[in-house]
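# Structural characterization, general
Given next are the chains, with one letter for each unit.
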Amino acid sequence: MQMWRVRRIVRSLLGWILRQALAVLLVLAAVSWLTVDGTWADRAATVWGWVRQAPDTIDKVKREVRQVARELETVVNEIQTGKTVAVPNPRSSGQGTGEPSSRPSAPPADAPSFVQPALSPSEVTITTGDPWAAAQERRTLEEINRIRQEHGLKPLRWDDAVVPVARSRAREIFETQYVSSDHKLKRSGEPWEATARAGIPFSALGETIYLDGERQNVASRAAAGWYNSPPHREIMLHPDLDRVGIGIAYTGRPLRVYSNGQPYDFSAVVVAIYRREAAR
């Protein structure tokens, strides 16, 4: 659903609710007039009290409806942008052709429900490797291993060698505002190319990428999003892969990224590169 259509529906809904609120106020005023004991002056004073309170009541209804409207826009935006892409099969070379899948997310409690997205990387700060991102990277590993253990698989080991490659690719997606389902980024190319260029040996390699419109709890949402998508789950639960390096990049404001020609607004990118080291 296009966002402009959502906004038109929300505006229509807002107008309808305000009309209903005004009608309710008029009914209450009429009821007060008929039920209040006393003189006509007493009744008039009671109704006048309702009239004086009406603007505040309407403003309160407006604020509540606008909040619902912002939340609705956020949900639609998240459904459009909570997107994951992955190389479907780990390989020693070449690429996968996995189709992207959607994963909605929830806005953080301490942030506004709707933020006007920035359209250029120069307008935002892109952060990688700080304490928050590093903690989320480790948290993502915990979530992946929890799921693997539920399926009787050995936990993955943290791969320090691959982490810089994963962080660099996460940052590159924001800087170039581009990602595609085949994982061939504009600068670093395919994941196996970037890993080999860094001098890291492997006999099997896979990559999963998660992009989200919000960054709170992104680790658990990334792992859940990968698990709920068959090509991503195949990599995450692959028994031949024994280590993973995870990189997270995030922005203070949503940044537009083009995925297969379509624009989406993201605040966090999680890149997980799984490998099995080459036999010596």
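Up top is the structure.
### Structural notes on the pattern of salt bridges
- One pass over the full model with this rule turns up 15 salt bridges.
- The closest approach of N and O atoms between arginine 146 and glutamate 150, which form a salt bridge, is 3.1 Å. Of this pair, arginine 146 and glutamate 150 are both found in helix H3 (residues 131-150), four residues apart, which corresponds to roughly one turn of the helix.
- Between glutamate 207 and arginine 169 there is a salt bridge, and its shortest N-O distance comes to 2.7 Å.

### Examining the pairing of strand S7 (residues 243-259)
- Of all 17 residues in S7, 13 are buried; the element is thus mostly enclosed.
- The sheet contact formed by strand S3 (residues 126-128) and S7 spans three bridges and is antiparallel. By the bridge assignment, threonine 128 is partnered in S7 with alanine 249.
- Here strand S4 (residues 157-158) pairs with S7 via two bridges, running parallel. Within S7, the residue paired with tryptophan 158 across the bridge is valine 244.

### Description of the pairing of strand S8 (residues 262-276)
- With twelve of its 15 residues buried, S8 lies for the most part within the structure.
- Alignment of strand S6 (residues 204-212) against S8, held across nine bridges, turns out to be antiparallel. Bridged to leucine 211 within S8 is valine 269.
- Sheet topology note: the S7/S8 ladder contains 13 bridges and is antiparallel. Directly across from tyrosine 258, in S8, lies its bridge partner proline 263.
- Counted along the chain from S7 to the antiparallel partner S8, the turn is two residues long, and its residue asparagine 260 has a positive phi close to 55°.

### Structural notes on helix H6 (residues 218-227)
- H6 sits mainly inside the fold: seven of its ten residues count as buried.
- Here H6 has its buried residues at Val218, Ala219, Arg221, Ala222, Ala223, Gly225 and Trp226.

### What to know about the nonpolar core
- Ile144, Trp226, Val244, Ile246, Val270 and Tyr274 are the most contacted members of the largest nonpolar core, which has 25 residues in total.
- Within the residue set of this core, elements represented by two or more residues are H3, S6, H6, helix H7 (230-236), S7 and S8.
- Not counting residues within four places of it along the chain, the set of residues in contact with isoleucine 144 comprises Leu156, Ala223, Trp226, Met236, Ile246 and Tyr274.
- Val124, Val162, Phe174 and Val271 belong to the second largest nonpolar core, which has 24 residues in total.

About the criteria used
Residues numbered from 1 in each chain as written. Predicted model: local features only at pLDDT ≥ 70, side-chain atom pairs only at ≥ 80, totals over all residues. Heavy atoms only, no water. Salt bridge = Lys/Arg side-chain N within 4 Å of Asp/Glu carboxyl O. Helix = DSSP H or I, 4+ residues; strand = E, 2+ residues; numbered from the N terminus. Buried < 20%, exposed > 50% of the residue type's maximum accessible area, 1.4 Å probe, protein only. Pairing = 2+ DSSP bridges. Core = buried A, V, L, I, M, F, W, Y, C linked by side-chain atoms within 4.5 Å. Contact = heavy atoms within 4.5 Å.

Geometry only, nothing functional implied.
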